[in-house]
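Residue-level listing of the chains:
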2 protein chains.
Amino acid sequence: MYPTFKILLLLLLLLLSHSITPTSAAHHRHPLDPLTPSEISTVQRVIDNSSLASLKPLTFHYVGLDDPDKPAVLAWFSNPTSAPLPPRRALAIIRAHRRQTREVVVDLARGTIARDRVRRGHGHPLLTLEEQSAACALPLKYGPFIASVRARGLKMEHVVCEDFLVGWFGEAEERRSAKILCYYAEGTVNFYMRPIEGVTVVVDLDEMKITGYLDRVVVPMPKAGGTDYRTMKQNTKEKDSGLRKRFIVEGHMIRWDNWAFHLAFDARAGLVISHASVSEHGTGLHRRPVMYRGFISELFVPYMDTAEEWYYRTFFDEGEYGIGLFASPLVPAKDCPANAGFFDGYYAGQSGQPVKVERVFCVFERYAGDVSWRHTETGIPNRVITEVQPEVTLVVRMVTTVGNYDYIIDWEFKHSGSIKVKVGLTGILEVKATPYTHADQTIGDDIHGTLLAENTIGVYHDHFITYHLDLDVDGPENSFVVSKMETVRAARASPRKSYWTVVRETVKTELDTTVSLGRAGPADLVVVNPNKRTAVGNHVGYRLIPEGGTGTSLLTDDDYPQIRAAYSKNRVWVTAYNASEKWAAGLYVDRSRGDDNLAVWSLR
Amino acid sequence: MYPTFKILLLLLLLLLSHSITPTSAAHHRHPLDPLTPSEISTVQRVIDNSSLASLKPLTFHYVGLDDPDKPAVLAWFSNPTSAPLPPRRALAIIRAHRRQTREVVVDLARGTIARDRVRRGHGHPLLTLEEQSAACALPLKYGPFIASVRARGLKMEHVVCEDFLVGWFGEAEERRSAKILCYYAEGTVNFYMRPIEGVTVVVDLDEMKITGYLDRVVVPMPKAGGTDYRTMKQNTKEKDSGLRKRFIVEGHMIRWDNWAFHLAFDARAGLVISHASVSEHGTGLHRRPVMYRGFISELFVPYMDTAEEWYYRTFFDEGEYGIGLFASPLVPAKDCPANAGFFDGYYAGQSGQPVKVERVFCVFERYAGDVSWRHTETGIPNRVITEVQPEVTLVVRMVTTVGNYDYIIDWEFKHSGSIKVKVGLTGILEVKATPYTHADQTIGDDIHGTLLAENTIGVYHDHFITYHLDLDVDGPENSFVVSKMETVRAARASPRKSYWTVVRETVKTELDTTVSLGRAGPADLVVVNPNKRTAVGNHVGYRLIPEGGTGTSLLTDDDYPQIRAAYSKNRVWVTAYNASEKWAAGLYVDRSRGDDNLAVWSLR
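All values reported here derive from a predicted model rather than from experimental measurement.

The rules behind each value
- Residues numbered from 1 in each chain as written.
- Chains lettered and ligands numbered in written order.
- Predicted model: local features only at pLDDT ≥ 70, side-chain atom pairs only at ≥ 80, totals over all residues.
- Heavy atoms only, no water.
- Helix = DSSP H or I, 4+ residues; strand = E, 2+ residues; numbered from the N terminus.
- Rg over C-alpha atoms; globule rule 2.2 N^0.38 Å.
- Buried < 20%, exposed > 50% of the residue type's maximum accessible area, 1.4 Å probe, protein only.
- Contact = heavy atoms within 4.5 Å.
- Lys, Arg positive; Asp, Glu negative; His and termini not counted.
- Charge placed at Lys NZ, Arg CZ, Asp CG, Glu CD.
- Core = buried A, V, L, I, M, F, W, Y, C linked by side-chain atoms within 4.5 Å.
- pLDDT = per-residue confidence, 0-100.
- Arc of directions from axis to C-beta.
- Disulfide = S-S within 2.5 Å.
- Least-squares fit on C-alpha atoms with pLDDT ≥ 70 in both.
- Phe/Tyr/Trp six-rings, centres within 6.5 Å; stacked < 30°, edge-to-face > 60°.
- Lys NZ or Arg CZ within 6 Å of the ring centre and 35° of its normal.
- UniProt positions renumbered as here; feature names shortened; annotations may be inferred.
- Pairing = 2+ DSSP bridges.
- Axes fitted to C-alpha atoms, helices over the stretch in contact; angles between N-to-C directions.
- Buried area = accessible area lost by both parts, 1.4 Å probe.
- Salt bridge = Lys/Arg side-chain N within 4 Å of Asp/Glu carboxyl O.
- Polar contact = N/O pair within 3.5 Å; in protein donor to acceptor, adjacent residues only side chain to side chain.

1. Some remarks on the overall build of chain A
Link 1 in the chain: Across its full length, chain A carries 10 helices and 28 strands.
Link 2 in the chain: Relative to the compact-globule value of 25 Å for 604 residues, chain A shows a C-alpha radius of gyration of 32 Å, a clear excess of over 25%.
Link 3 in the chain: Considered along the principal axes of its C-alpha atoms, chain A spans approximately 95 × 70 × 55 Å.
Link 4 in the chain: Within chain A, buried positions represent 58% of all 604 residues.
Link 5 in the chain: In chain A, once contacts between residues fewer than 6 apart in sequence are set aside, the share between residues at least 24 apart is 56%.
Link 6 in the chain: Averaging the positions of the 69 positive and the 71 negative side-chain charges in chain A gives two centres separated by 9 Å.

Set out below in structure tokens:
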């Protein structure tokens, strides 16, 4: 017999376009409300009608609420119906006659200028959008620049420019200026991929004129092909179909979008993913293997109380109790959403008979309202391009309840090729009874936890969740590379003093890994296939990206639980494939003595 | 045909129960398929019919697939239609006549024992569920235990017990045994909150009898009141109403579930959350302020190339360009899900006139298929209790597109009282044109990035996103506490050698913070209100939990961009409230010289 599964499709999306009509201002005025359009107009009118108008041109670089005093706001907030609103004022940062920055505070109720002061000191205000547009248009009519473009065999009609502020590199001079760099939009709206490298136009932003020009070097123009990000420009039927809504079940294989993987239940490990592979976007032709097998290898939970009833609470939830044996049947529409499909699992009871766990796994497409990729392009004259691809992923889930704790184990597969593994910890804390009823009574005594309620201590503990990930990225021959980010002192010729670059180290031995990671500092951990390269010669690989709380054990090396879980002193272990090395704390964990675990194998 | 199912997310309510008939085994056999029920039965039958049967009692502690050789699996996988399936075998770990662990491999096709060996060495197999039940039932009929319960004034009918493995603490003895600890389920199903502290029953698991008993100390029984987690036992109308689908807009205030906050647009900061407060669960009576104001204070993006056209690309996207000014109107049903509500924003143009940004924010309820809290309880005889609360949150979002990059800025509010802030980075990489067309040509040359395509380098860079969080947890008087986890050597009397405990340090000065955090090691960062305490005397507070990539700048201290963004050398700065200290890189950032920023303020 094969497992049957049932898919319950319940309550779905409700298309509801809230139209938010703000209710009348008087009722909902809050002292921190942003300026309304009419308040912005008031600021403009007050300043334009003041003596500042003689300092033309006047440009507004920032207009916003002048923060009311916090105590006044708090006083209002504690009693909004009767306390007066703090005086409502606006802060305008303006630039006067191209030379001066001024901070003008406008009293909005009175329509007067409450404060006006000239800015002293270094630094300039935000750029206006208008001056950025104006600056970017200057090269397009500038003879030397036009000549440079033509000399490269390019057509001016496809040139678009962007402004870059110049920063400060020790110069005494401090004019407001920008460097304008240009791109070539021929054959693509993704002009960022086609920089006209080597050409710099310097613009004085106050004078709005070109004050410097450099055509330093000619570099080949990167190709337009393959750079356009608009769905309609890509030969991907898949992407044209909008949100992907299906997965296919063939025995224990699951196929979804560009993914295929095998899903199996095990009494000890619970959820096991094998043979995961991903195809090239759109084509579906080249299917790359990614992971031979992945599962949680051990789940070590040491408590931090030495009392007679507590010192031995150093659980190995997987090797001692079994994540699979303690799997909880998933509750449809609660543990998993209404669009989930469910799978049963089987284990052997004590006398060897098969025992069924109903709904031990669920699989569902997730759309959490997030975006997979997006871009809005306003840099091409007279066009606004916005392309947004919502993020839809596939989640495989099980829940195991080992006593008081419930672990929600998720494997999430993304169209990008990423796999995200996550364990949610929920359920109930393990508590200790105590005579204490108030925290003040505990002063001077280490109670090994937090007083949660009268007579109840939530005892300190860790959860070390260790994954076994047998990655076979595009084949079984993989290397582990530590890509370190290292600071480099810049050459004297550069105005910069430093930068960082990436130094890659391929790990040679298992022990080497530990050492490398210990000293790594900021680094990417990458598994690459040294035999497979992309068209431009990069290795195919996966990055290991930690997220959330990862940590190492704080127990001393000579403590018994630590001897048994010696691997918990490292975040990552890299070992060569060995079929017998599946369980981080060893195959036989109950009363184990640390002679068969990941830390020991790596010493061999 | 394979069973395929489609989940159509239609724009209407649909109730559909889909039952899928599994297809025949032959088509979908995969070498890593878990054992089927009939295969498990085969294992049981083969072993029960073998000479092992004479070693009764025989107990099965693990039965699962005996991993086929990886090369054989890969060979099959590369050609599943014609390559033979590797031999299908099962691994059974059994316990024979209460003394011996054996590893038995069963050939499933032949119905024979392929291997049988006695386990030597330390450690024991997984517990069976049946022996755990049996062990936990023993105290309930054990005279001394019954006497201890009665002596505490408790009734046996409410006592439930759980088993805890004893670990290994240097003893030579290595019997399979467990300590049984018991709880009191009177008045609550959450018996974990009511431990019968101080009483230990030791059970020999092979003999299944009590071998030790200790009634060490009497501790008060924690109260049952308030511990039951079932919705029907709680006086919360709110929770009974199921998924919450609405939020209320009053001017710029948003109210949702137990949250209220103010949402404002600013030309520079973009999205500003103010006056966030949360009410006690269920009651809605006591509303605690949480955050006076939160927003992104600066967004520093230094590139790592010293070339003439690149050295100055050290963007301060907020202080130089304005996150609000570059906000992209959100695309309904793409940038935000279909149930989102949208809000407009206004800024002042260069001449002071109000300019509208349509749909600059969206607000939506998110249900991503996740669980907020759950527990399955099987420890109470003849009952299974499962309580699951789906996680529904409220997300406030804006997108700002500063040139090539799109930042998706989310503030997520949770029923638990947590706030999650997140920035998604998407859009297009900033690239440099290069003569190189293949990675091999770049050997020996630091190209300051990755060759993405022919003639195209994606240049190394950082994004430092710095939040200004003015927390007012239950009032404006807050302290910053570093809760360090520190290893402690256990007293000689304990079998344990070590544990960790929490040492709390309240930060006294702004500089002190930097020092404390630098040396902290594993620590929680907590903002507490020292004047407000819970019923049992704990301080009210919020933890700051980093997630994903947080880092510090690798530029040298004397590099100009680093001088301007000196704050990027620390992950967290704690400063006393000062109304003028809003912008981490200073108010005037263009051409700034580092004399007005967060690092400088903290030195004052």
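Let us keep going from here.
2. Remarks on the nonpolar core
Link 1 in the chain: Formed by 108 residues in total, the largest nonpolar core has its most connected members in Ile254, Leu263, Leu271, Ile273 and Ile409 of chain A together with Phe145 and Val159 of chain B.
Link 2 in the chain: Ranked by residue count, the leading element in this core is strand E8 (residues 177–184) of chain B, at 6 residues.
Link 3 in the chain: When sequence neighbours within four positions are dropped, the list of residues in contact with Val159 of chain B reads Leu140, Phe145, Val149, Cys182, Tyr183, Tyr184 and Ile196 of chain B.
Link 4 in the chain: Leu165, Tyr192 and Met221 of chain A together with Val473 of chain B belong to the second largest nonpolar core, which has 106 residues in total.

3. Some thoughts on the confidence of the model for chain A
All names here are of chain A.
Link 1 in the chain: When pLDDT is averaged across chain A, the result is 90; 91% of the residues are at 70 or more.
Link 2 in the chain: Across residues 1–26, confidence stays below pLDDT 50; counting only partners more than four residues off in sequence or on other chains, it has 78 contacts.
Link 3 in the chain: Below a pLDDT of 50 lies the segment residues 236–244, which in the model reaches 17 contacts outside its immediate sequence neighbourhood of four places, other chains included.
Link 4 in the chain: Across the whole predicted complex the pTM is 0.90, and at the interface the ipTM reaches 0.90.

4. Points about the environment of Trp583 of chain A
Residues and elements named next belong to chain A.
Link 1 in the chain: Take Trp583: it is sitting in the loop between helix H9 (560–564) and helix H10 (598–603).
Link 2 in the chain: Accessibility expressed as a relative area gives 7% for Trp583, which makes it buried.
Link 3 in the chain: Once the C-alpha coordinates of Trp583 and Asp317 are considered, the two residues, 266 residues apart in sequence, prove to be 12 Å apart.
Link 4 in the chain: Excluding residues that lie within four positions of it along the chain, Trp583 makes contacts with Asp266, Arg268, Ala269, Phe295, Ser297, Glu318 and Trp601.

5. Observations regarding helix H3 (residues 70–78) of chain A
Link 1 in the chain: For H3 of chain A, the full list of buried residues reads Lys70, Val73 and Trp76 of chain A. Across the axial projection of H3 of chain A, the buried residues extend over an arc of 125 degrees, all falling on one side. For H3 of chain A, the exposed residues lying more than 90 degrees away from the buried face are Pro71 and Ser78 of chain A.
Link 2 in the chain: Here the buried face of H3 of chain A lies against strand E14 (270–279), strand E15 (287–302) and strand E25 (464–471) of chain B.

6. Some thoughts on the state of the cysteines
Residues and elements named next belong to chain A.
Link 1 in the chain: This model, assessed by the stated rule, comprises 4 disulfides over all chains.
Link 2 in the chain: The disulfide partner of Cys161 is Cys182, and the gap between their sulfur atoms is 2.1 Å. Between Cys161 and Cys182 the sulfur-sulfur dihedral comes to about 100 degrees; the bridge is accordingly right-handed. Placement of the pair is Cys161 in strand E6 (residues 159–165) and Cys182 in strand E7 (residues 177–184), with a sequence separation of 21 residues. Exposure class is identical for Cys161 and Cys182. Each is buried.

7. Side note on the relation of the copies chain A and chain B
Link 1 in the chain: Of the transformation superimposing chain A on chain B, the axial component is 0.0 Å and the angular component is 180 degrees, with the fit at an RMSD of 0.0 Å. Both copies of the chain, as the preceding transformation shows, are related through a two-fold rotation axis.
Link 2 in the chain: Counting the interface residues of chain A, we find that 98% of their copies in chain B are interface residues as well, pointing to one common contact surface.

8. A few points about the packing of aromatic side chains
Link 1 in the chain: Tallying each qualifying case throughout the model produces 48 aromatic pairs over all chains.
Link 2 in the chain: Aromatic side chains Phe315 of chain A and Phe164 of chain B sit 5.6 Å apart centroid to centroid with 45 degrees between the ring planes, which places their arrangement in the tilted category. A residue pair is termed interchain when its members come from two chains, as with Phe315 of chain A in strand E15 (residues 314–316) and Phe164 of chain B in strand E7 (residues 159–165).
Link 3 in the chain: On the accessibility criterion, Phe315 of chain A (9% relative accessible area) is buried.
Link 4 in the chain: On the basis of relative accessible area, Phe164 of chain B is assigned to the buried category, the value being 4%.
Link 5 in the chain: Ring centres of Trp411 of chain A and Tyr467 of chain A lie 6.0 Å apart, and the angle between their planes is 80 degrees; on these two criteria the pair is classed as edge-to-face. Taken together, the residues Trp411 of chain A in strand E19 (residues 405–414) and Tyr467 of chain A in strand E24 (residues 464–471) connect sequence positions 56 residues apart.
Link 6 in the chain: Residue classification places Trp411 of chain A among the buried residues on the basis of a relative accessible area of 1%.
Link 7 in the chain: According to the relative accessible area criterion, Tyr467 of chain A is partly exposed, its value standing at 24%.
Link 8 in the chain: Arg313 of chain A extends its terminal NZ or CZ atom over the ring of Trp310 of chain A, reaching a point 3.6 Å from the ring centre.

9. A closer look at the UniProt feature "domain: Copper amine oxidase N3-terminal" (unreviewed entry) in chain A
Link 1 in the chain: If you check UniProt for "domain: Copper amine oxidase N3-terminal" (unreviewed entry), the listed places come out as residues 125–218 of chain A in our numbering.
Link 2 in the chain: Span residues 125–218 of chain A is 19% helix and 30% strand, its end C-alpha atoms 34 Å apart.

10. Here's the deal with the pairing of E6 of chain A
Residues and elements named next belong to chain A.
Link 1 in the chain: Where burial is concerned, most of E6 is hidden: 7 out of the 7 residues are buried.
Link 2 in the chain: Because side chains alternate across E6, one face comprises the buried residues Val159, Cys161, Asp163 and Leu165, and the other comprises Val160, Glu162 and Phe164, equally buried.
Link 3 in the chain: Where E6 and E7 come together, 7 bridges link them in antiparallel fashion. Looking at E7, one finds that Glu162 is bridged to Leu181.

11. Comments concerning the sheet that holds strand E8 (residues 199–204) of chain A
Whether parallel or antiparallel, the strands of a sheet pair through hydrogen bonds between backbone atoms.
Residues and elements named next belong to chain A.
Link 1 in the chain: Strand order across the open sheet formed by 4 strands is E6-E7-E8-E9, with antiparallel pairing between neighbours. Every other strand in the sheet has two partners, leaving E6 and strand E9 (209–215) as the edge strands with one partner each. Strand-to-strand twist across the sheet, computed as the mean angle between neighbouring axes with direction ignored, equals 30 degrees.
Link 2 in the chain: Helix H4 (residues 129–137) rests against E6, E7 and E8 of the sheet, and its axis sits at about 125 degrees to E6.
Link 3 in the chain: Along the sheet face, helix H5 (residues 143–151) touches E6, E7, E8 and E9 and points at about 30 degrees away from the line of E9.

12. Quick look at the interface of chain A and chain B
Link 1 in the chain: Residue-level contacts link 241 residues of chain A with 247 residues of chain B.
Link 2 in the chain: In this assembly, chain A packs against chain B so that about 22,300 Å² is buried in total across both faces, 58% of it on carbon and sulfur atoms.
Link 3 in the chain: Viewed at the interface, chain B and chain A are joined by 34 salt bridges.
Link 4 in the chain: Viewed at the interface, chain B and chain A are joined by 116 residue pairs in polar contact (both at pLDDT 80 or more).
Link 5 in the chain: The greatest single-element share of the side of chain A that touches chain B, amounting to 13 residues, is contributed by strand E17 (residues 354–377) of chain A.

13. Describing the pairing of E7 of chain A
Residues and elements named next belong to chain A.
Link 1 in the chain: Counting buried positions over the 8 residues of E7 gives 8, a clear majority of the element.
Link 2 in the chain: Burial along E7 is two-sided: the face carrying Ser177, Lys179, Leu181 and Tyr183 and the face carrying Ala178, Ile180, Cys182 and Tyr184 are both buried.
Link 3 in the chain: One ladder, built from 4 bridges, connects E7 with E8; its direction is antiparallel. When the sheet's bridge partners are listed, Ser177 is paired in E8 with Asp204.

14. Observations concerning the sheet that holds strand E24 (residues 456–459) of chain B
Residue and element names in this part refer to chain B.
Link 1 in the chain: Spatial strand order, E22-E24-E23: 3 strands in an open sheet with antiparallel pairing. With one partner strand each, in any of the chains shown, strand E22 (431–433) and strand E23 (449–453) form the two edges of the open sheet. Recorded for the sheet is a direction-independent mean angle of 35 degrees between the axes of neighbouring strands.
Link 2 in the chain: Sheet topology note: the E22/E24 ladder contains 3 bridges and is antiparallel.

15. Examining the pattern of salt bridges
Link 1 in the chain: Across all of its chains, the model carries 93 salt bridges over all chains by this definition.
Link 2 in the chain: Two residues, Arg591 of chain B and Glu171 of chain A, come together in a salt bridge whose shortest N-O distance is 3.4 Å. Of this pair, Arg591 of chain B sits in the loop between helix H9 (560–564) and helix H10 (598–603) while Glu171 of chain A sits in the loop between E6 and E7, which puts the two residues in different chains.
Link 3 in the chain: By relative accessible area, Glu171 of chain A is classed as partly exposed at 27%.
Link 4 in the chain: Between Arg496 of chain A and Asp559 of chain B there is a salt bridge, and its shortest N-O distance comes to 3.3 Å.

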